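Below are the chains, spelled out letter by letter.
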Amino acid sequence: MKVLVNPNKNTWKKELERPVQKMKEIEKIVKPIMRKVKRQGDKALKKFALEYDHVEIDHLLVSRDEIRMACQEVSQELKDALLQAKENIEKFHQLQETPFLITEIMEGVTCMRKSVPIQKVGLYVPGGTAPLFSTVLMLGIPANIAGCEEIVLCSPPNAEGKIHPAILYAADLVGINRIVKSGGAQAIAAMAYGTQSVPKVDKIFGPGNQYVTAAKQLATKKGVAIDMPAGPSEVLVYADQSAVPEFVAADLLSQAEHGVDSQVVLVCNNQKLCKKILKAIEAQLETLPRQKIAKKALENSVAVVMEEQEKAIHLINEYAPEHLIISVENEEEVVDSIFNAGSVFIGNFTPESAGDYASGTNHTLPTNGYAKNYSGVSLDSFLKKITYQKITAEGLKKLGPAIEIMAENEHLAAHKQAVSIRLEYISKQ
Ligand SMILES: NC(=O)c1ccc[n+]([C@@H]2O[C@H](COP(=O)([O-])OP(=O)(O)OC[C@H]3O[C@@H](n4cnc5c(N)ncnc54)[C@H](O)[C@@H]3O)[C@@H](O)[C@H]2O)c1
Ligand SMILES: N[C@H](CO)Cc1c[nH]c[nH+]1
Ligand SMILES: [Zn+2]
C-alpha cells in the first residue's frame, strides 16, 4: 500500500484513481457479447457459459428439484443467520415505505402521489469469485416489499454447472423461483433483451464485476433502467488515535478480498497510527485464504496521512467512497460533514461487514465515485411514483386565469384554449 504524507490535492487525486479498466476497453468486449445474446438468445447464453464459466449448461433455468436439494445442503447455522439478516433487512426496508400523498393544494384543486411497483425486475447476483448469496436478500427483499410482479434472478454457474446452494436457498427464502444459470454481460443482455428462458425486464439491479457494470450501463441505452453502477467493492477508513489499528486493518482487508480490482483507502491523522495499521494488515493478511486477491487489491490501494481534518474531509467527499468507516473522536462532526458516500459505518464497533450482511441497510451501493450522484439500492429503487390531480369547476375558476396567462406568454395558444373553453362552459351553467 502506497503511503502519502500530507499530499496536495493533485497528488492524492492521481494516486486515488480507481483501478478499473478504461470503460472503452471493457465495452469492446461487452458489446459483441450483448449483440450475440440479442440475436441468438439462450443459445448464446450457453455458449458464453462455456467460454467464461468453463461449463456446459443443458438447462438454463434452475428446476424446483435443484432448489429442494440446495435447501437440504445449506447448514442450519447458515439458515439461522440468513433468517436474522432477512428480518433486519426487511425491517429497515419496510420503514422506507412512504404514505399515499393527497392534499388540497387550493380550494377545488387536489394533488395526489402514489408509489407503484416496477412490474418486471431482473436481479443479478455475483458468483464469479465468491457466491454472494447475501445479495439475494439485498435485492429480493425490497423487490417483494415493493410488490414487483415478475422477478428473475441471474447468477453465474459454478464449475459443476450449478448455482451455489446458499444462493438458491436465499432465493427460495424470499420467494424468487425464476433463476437462471447465467452470469456476466450475457446475463445482463438476456434481461435487457429477453431470451427464450429470460423475460425482458423493465429494470436491472445488482452488483458485479466490470463486465457486468459496463453491460448494465449499455443496457440503459436500450430503454432498460438500472439501479446504479455498482462495480468492484471499495472502502475508505478515516481513523485517528481513538481507532483500534487491528480493527481498521481488518476492515480494509474485508473489502480488499473481494477482487483484484477492489480498492481500499486509509486516511488517518498521524504517521504513527498509519504505521501500526499497515503492520496489522501484514499480520492479518497471512491468515487469509484469499490473501492473493487481497494482496493484488492492496497494490491499487493508498494510505494517506492527513493531519488537518478539514483536508481529510475534503478528500473523502471528493473520492466519494462506496463504504466509509469513521473511527475518530469527534465522529458526529465528521458524519455531518460527509456528502458523498454510499453507506457510512460509525465508531469502533461497526465493521463494514455488518452492512454487507445483516445490520439491515442495503449493500448494493454506488462505486467508482458514483456516490456523488447515486444512492444505494433501497425500497424506492423498485418503485415509481405516479402523480394525479383532480380539479373541480370552482377550482378551475380560481386557477384557470394563471394557467391562461402562462400559456399565452409561452406562445402556446392551444394550452390556453384547453382552459378557456372550460371556463366559458362553466360560466354558461
Ligand atoms: N458495489 C456493490 O454494491 C457490490 C456488492 C457486491 C459485490 N460487488 C463486486 O462484485 C464483483 C463480483 O465479481 P465476480 O467476478 O466475482 O462475479 P460476477 O458474477 O460479477 O462476474 C462473473 C462473470 O464475469 C464474466 N467474465 C469473467 N471474466 C470475463 C472476461 N474476461 N470477459 C468477459 N466476461 C468475463 C463471466 O461471464 C462470469 O460469469 C466484485 O468486484 C465485488 O467487489 C460489488
Ligand atoms: N461488500 C460488498 C459490497 O460492495 C457486498 C458483500 C457481499 N458479501 C460480502 N460483501
Ligand atoms: Zn463485502
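Residues numbered from 1 in each chain as written. Chains lettered and ligands numbered in written order. Predicted model: local features only at pLDDT ≥ 70, side-chain atom pairs only at ≥ 80, totals over all residues.

S.K.: Which parts of the structure should I look at to understand the overall build of the protein?
M.R.: The secondary structure content of the protein amounts to 17 helices and 14 strands. Here the C-alpha coordinates of the protein stretch approximately 90 × 60 × 45 Å along the principal axes. Counting every position in the protein, which comprises 429 residues, the buried fraction comes to 42%. Of the contacts formed within the protein by residues at least 6 apart in sequence, a portion of 75% connects residues at least 24 apart. (Helix = DSSP H or I, 4+ residues; strand = E, 2+ residues; numbered from the N terminus. Buried ≥ 20, exposed ≤ 12 C-beta atoms within 10 Å, placed from the backbone. Contact = placed C-beta atoms within 7 Å.)

S.K.: When you look at the site of ligand 1 in this model, what are you seeing that I'm missing?
M.R.: Surrounding ligand 1, one finds 30 residues, the nearest of these being Gly128, Gly183, Gly184, Pro207 and Gly208. Looking at the shell around ligand 1, the elements that each hand over two or more residues are helix 8 (184-193) and helix 9 (210-219). Here the residues of the shell around ligand 1 sort into 13 nonpolar, 15 polar and two charged. (Near = placed C-beta within 6 Å. Nonpolar A, V, L, I, M, F, W, Y, C, P; charged D, E, K, R; others polar.)

S.K.: Got a minute to help me understand unusual backbone geometry in this structure?
M.R.: Trans peptide bonds make up the majority, and among non-glycine residues the majority have a negative phi. Even without being a glycine, alanine 320 presents a positive backbone phi close to 50 degrees. Tracing the backbone shows alanine 320 in the loop between helix 13 (309-319) and strand 12 (323-327). Accessibility expressed as a C-beta count within 10 Å gives 23 for alanine 320, which makes it buried.

S.K.: How should I be thinking about the packing of helix 2 (residues 23-40) against helix 8 in this particular structure?
M.R.: Two measures define how a pair of helices packs: the angle their axes make with one another and the distance between the axes. Packing of helix 2 against helix 8 brings their axes to within 9 Å, and their N-to-C directions diverge by 45 degrees. Taken together, helix 2 and helix 8 sit at an angle that is classed as oblique. Helix-helix and strand crossings are classified by hand; for helix 2 and helix 8 the assignment is right-handed. Contacts from Val30, Ile33, Met34, Val37 and Lys38 of helix 2 reach helix 8 at Ala185, Gln186, Ala189, Ala190 and Tyr193. Among the residues forming the contact of helix 2 with helix 8, the class breakdown is eight nonpolar, one polar and one charged. (Axes fitted to C-alpha atoms, helices over the stretch in contact; angles between N-to-C directions. Parallel < 35°, antiparallel > 145°, perpendicular 65-115°, else oblique. Left-handed = near helix turned anticlockwise from the far one by under 90°.)

S.K.: Would you take a moment to explain helix 13 for this structure?
M.R.: Count 3.6 residues to each turn of an α-helix, and residues three or four apart come out pointing the same way. If you check which residues of helix 13 are buried, you get Ala312, Leu315, Ile316 and Tyr319. Buried residues in helix 13, looked at end-on, bunch into an arc of 100 degrees, giving them a common side. Residues of helix 13 that are buried make contact with helix 1 (9-15), strand 9 (234-239), strand 10 (263-268), strand 11 (302-305) and strand 12. (Arc of directions from axis to C-beta.)

S.K.: What should I look at first to understand the packing of helix 16 (residues 393-409) against helix 17 (residues 413-428) in this one?
M.R.: Here helix 16 crosses helix 17 at 145 degrees, and the two axes come no closer than 9 Å. When you trace helix 16 past helix 17, the crossing you get is left-handed. Together, Ala393, Leu396, Lys397, Gly400, Ile403, Glu404, Ala407 and Glu408 of helix 16 and His415, Lys416, Val419, Ser420, Arg422, Leu423 and Ile426 of helix 17 make up the contact between the two elements. Classifying every residue of the contact of helix 16 with helix 17 by side-chain character gives seven nonpolar, three polar and five charged.

S.K.: I would appreciate a short explanation of the nonpolar core in the present structure.
M.R.: The nonpolar side chains of a soluble globular protein tend to be buried with one another. In terms of nonpolar packing, the biggest core is built from 73 residues, with Ala170, Ile188 and Ala215 touching the most fellow members. The contact partners of alanine 215, leaving out residues within four places of it in the chain, are Val30, Met34, Ala185, Ile188 and Ala189. Residues Leu16, Leu253, Cys268 and Leu315 belong to the second largest nonpolar core, which totals 42 residues. (Core = buried A, V, L, I, M, F, W, Y, C linked by C-beta atoms within 7 Å.)

S.K.: So what exactly am I meant to see when it comes to the pairing of strand 13 (residues 343-346) here?
M.R.: Along a regular strand, successive side chains alternate from one face of the sheet to the other. The alternating pattern of strand 13 places Ser343 and Phe345 on a buried face, while none of Val344 and Ile346, on the opposite face, is buried. Sheet topology note: the strand 12/strand 13 ladder contains four bridges and is parallel. Bridging from a neighbouring strand, histidine 323 pairs with serine 343 of strand 13. As for the winding sense of the linkage, the β-α-β connection from strand 12 through helix 14 (residues 331-336) to strand 13 is right-handed. (Pairing = 2+ DSSP bridges. Right-handed = clockwise from strand over helix to strand, strands pointing away.)

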